[in-house]
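# Examining the three-dimensional arrangement
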Amino acid sequence: MTTTTITNIGSLVTNDPALGDGTPLGLIQDAAVVIDGDRIAWVGPADKAPPADEAFDAQGRALIPGFVDSHSHLVFAGDRTAEFNARMSGHSYSAGGIRTTVAATRAASDAALEANLVRHLHEARRQGTTTFETKSGYGLTVQDEARALRIAAAHTEEVTYLGAHIVSPDYADDPGGYVDLVTGEMLTACAPYARWVDVFCEKGAFDGDQARAILTAGAAAGLIPRVHANQLSHGPGVQLAVELEAASADHCTHLTDADVDALAQAAGTTVATLLPGAEFSTRAQWPDARRLLDAGVTVALSTDCNPGSSYTSSMPFCIALAVRDMGMTPDEALWSATAGGARALRRADIGVLTPGARADLALLDAPSHVHLAYRPGVPLVSAVWQKGLKTA
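What this report covers is the structure whose coordinates are included nearby. Model, not experiment: these values are computed from the prediction.

## Looking at empty space enclosed by the protein
Over the atoms rolls a probe the size of a water molecule, and its path tells where empty space is left. In this structure the tally under the stated criterion is 2 cavities of 30 Å³ or more. Considered as a void within the structure, the second largest cavity measures approximately 60 Å³ in volume. Lining the second largest cavity are Asp-69, Ser-72, Leu-74, His-120, Leu-121, Ala-124, Thr-129, Phe-132, Thr-303, Cys-305 and Ser-313. Mapped by element, the contributors of at least two residues to the lining of the second largest cavity are helix 3 (110-126) and strand 7 (129-132). When residues of the lining of the second largest cavity are assigned to their parent elements, the largest contribution, 3 residues, is made by helix 3.

This is how it looks when you write it as C-alpha cells:
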C-alpha cells in the first residue's frame with residue numbers, strides 16, 4: 001500500500017490529549033501525519049516524521065479530523081421553500097410540515113431519491129464531512145421506508161430507521177394502528193438495512209408511551225435507540241433516551257434541571273446532540289450548550305440536514321452558530337463536531353487523528369481551527385481525505 005505524509009501542518013487537531021498539548025483537542029504545532037492505506041499510521045512533529053512514499057505539503061495550514069455529522073435526513077424529494085418563506089414571514093414551525101415531504105418522497109423514483117442523496121453527500125464532503133448518519137422517515141409506508149433505508153445503506157453504514165417520524169397521513173385517525181405497523185411489519189422490513197432506531201418524541205408526533213414501545217421493539221430487533229428529544233417543548237424524550245441507554249438524545253432545546261442531570265449521569269452512554277441549523281431555520285430558542293457542558297454532559301454538533309427545518313449540510317456553519325449563539329468555545333464546538341459526533345455514533349475509529357484511526361481529514365485554508373467560527377460562511381475547507389483517499 002502507498003503511504004503518504006501530510007507535512008508542514010501549522011496546527012494539527014488530533015482530539016487526543018495524550019498526543020498533543022494536553023487539551024481535549026490534542027493540538028500539535030508544526031506537525032505531520034502519515035497515512036497508510038485507509039488508516040492513520042503516525043502523527044507527531046514534522047521534523048520527526050518517518051519516510052513515506054508520497055508527500056503533501058500543507059503549507060502551514062490547519063488540519064483537523066473530518067467532521068462527523070451524526071444526524072441528517074437525506075433520503076427525500078422536493079423542497080419546502082414555501083414553508084420556509086411563510087415561517088420567515090411570521091408563521092411558527094410545527095411537526096406537520098413533514099407531510100409535504102412525505103408526499104413528494106413517495107412519488108419519487110428510487111433513482112431520483114438516490115441522486116438527491118448523493119448530491120447532498122458531495123456537498124457535505126466538500127465542506128469537510130467524512131462520516132454521516134442518515135434516516136428514513138419520509139415514506140411512512142412499509143415499502144417506502146424500506147427503500148429509503150436500502151438507498152441510504154449503499155452510501156453509509158450509519159443508517160437509522162425512523163418510521164416514527166410522524167404518524168402517517170394514512171393513519172391520521174388511528175395512531176395506535178400506525179405504532180403497531182412501525183413496531184411490526186415495517187420494522188421487520190427495515191431492520192436489515194439499519195443500525196439505529198429513532199422516534200420523534202414530541203407533541204404532534206409520538207408521546208412517551210408510544211416512543212418507548214417503538215424504541216423497545218427496535219432494540220429487540222437488534223437496532224440501537226436514538227431519540228428526537230425535547231425540540232419544540234419540554235417532554236419525556238430526554239428521560240426516555242437515558243432510561244433506554246440510547247446513543248443520543250437529539251435537539252435537547254427545552255430541558256429541565258432533571259433532564260440535564262440525567263444526561264450528565266449518562267455522559268458515557270447518551271450524547272446530547274445539538275442541531276443549531278434547526279433553531280436558525282425556525283427562529284426558535286437556541287439550545288443552551290454552555291449549561292450542558294458545565295454539567296458534564298457529552299455534546300455533539302450536527303446539521304440535521306433536512307428540507308423542512310434545517311436545510312444545511314455545512315458543519316462549519318453549525319460550528320459558527322454554536323459559538324455565536326449557544327455558548328460554546330471554538331475548541332468545544334470543533335470537538336463536538338468531530339469526536340462528539342463519533343461518540344454519538346459509538347465509534348472510536350473516526351473523529352480523531354491517532355494511529356489506527358480511519359484516515360478522514362480536512363485541511364483548512366487557515367492557520368487555526370478557530371477560523372471556522374471566526375470566518376463564518378467562508379469556504380475554508382481546501383482538501384479532504386476520506387478513508388485515506390483525497391476526495392476534494
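## Section: the pattern of salt bridges
By the definition in use, this model includes 21 salt bridges. Here Arg-147 ties to Asp-110 by a salt bridge, and the two come within 2.7 Å at their closest N and O atoms. Taken together, the residues Arg-147 in helix 4 (residues 142-153) and Asp-110 in helix 3 connect sequence positions 37 residues apart. Look at Asp-110 and you get partly exposed, because its relative accessible area is 32%. Two residues, Arg-324 and Asp-325, come together in a salt bridge whose shortest N-O distance is 2.9 Å.

## What about the packing of aromatic side chains?
If you walk through the whole model with that rule in mind, you get 6 aromatic pairs. Plain terms: the ring middles of Phe-76 and Tyr-311 are 6.0 Å apart, the flat faces sit at 80° to each other, and that makes the pair edge-to-face. Residue Phe-76 is located in the loop between strand 6 (67-69) and helix 1 (81-88), and its partner Tyr-311 is located in the loop between strand 15 (299-301) and helix 12 (315-325); the two are separated by 235 residues in the primary sequence. When the centroid spacing of 5.5 Å and the interplanar angle of 50° are considered together, the rings of Tyr-171 and Tyr-178 count as tilted. The partly exposed category is assigned to Tyr-171, whose relative accessible area is 26%. Cluster of aromatic residues (ring-pair linked, three or more members): Phe-76, Tyr-138 and Tyr-311. The positively charged end of Arg-226 is found above the aromatic ring belonging to Trp-196, 4.3 Å away from the centroid.

## A few points about the packing of helix 5 (residues 175-183) against helix 7 (residues 208-220)
One can describe the packing of helix 5 onto helix 7 by two numbers: an axis separation of 9 Å at closest approach and a directional angle of 15°. The angle between helix 5 and helix 7 falls in the class roughly parallel. At the point where helix 5 passes helix 7, the crossing takes the right-handed sense. Listed contacts from helix 7 to Pro-175, Val-179, Val-182 and Thr-183 of helix 5 are Gln-210, Ala-213, Ile-214 and Ala-217. Among the residues forming the contact of helix 5 with helix 7, the class breakdown is 6 nonpolar, 2 polar and no charged.

Definitions and cut-offs
Residues numbered from 1 in each chain as written. Predicted model: local features only at pLDDT ≥ 70, side-chain atom pairs only at ≥ 80, totals over all residues. Heavy atoms only, no water. 1 Å grid on protein atoms, 1.4 Å probe; cavity = no way out; pocket = protein on both sides within 12 Å on 5 of 7 lines; lining within 4 Å. Points joined across faces, edges and corners; volume = space filled by probe spheres on them. Helix = DSSP H or I, 4+ residues; strand = E, 2+ residues; numbered from the N terminus. Salt bridge = Lys/Arg side-chain N within 4 Å of Asp/Glu carboxyl O. Buried < 20%, exposed > 50% of the residue type's maximum accessible area, 1.4 Å probe, protein only. Phe/Tyr/Trp six-rings, centres within 6.5 Å; stacked < 30°, edge-to-face > 60°. Lys NZ or Arg CZ within 6 Å of the ring centre and 35° of its normal. Axes fitted to C-alpha atoms, helices over the stretch in contact; angles between N-to-C directions. Parallel < 35°, antiparallel > 145°, perpendicular 65-115°, else oblique. Left-handed = near helix turned anticlockwise from the far one by under 90°. Contact = heavy atoms within 4.5 Å. Nonpolar A, V, L, I, M, F, W, Y, C, P; charged D, E, K, R; others polar.

Function cannot be read off these values alone, since they describe shape.
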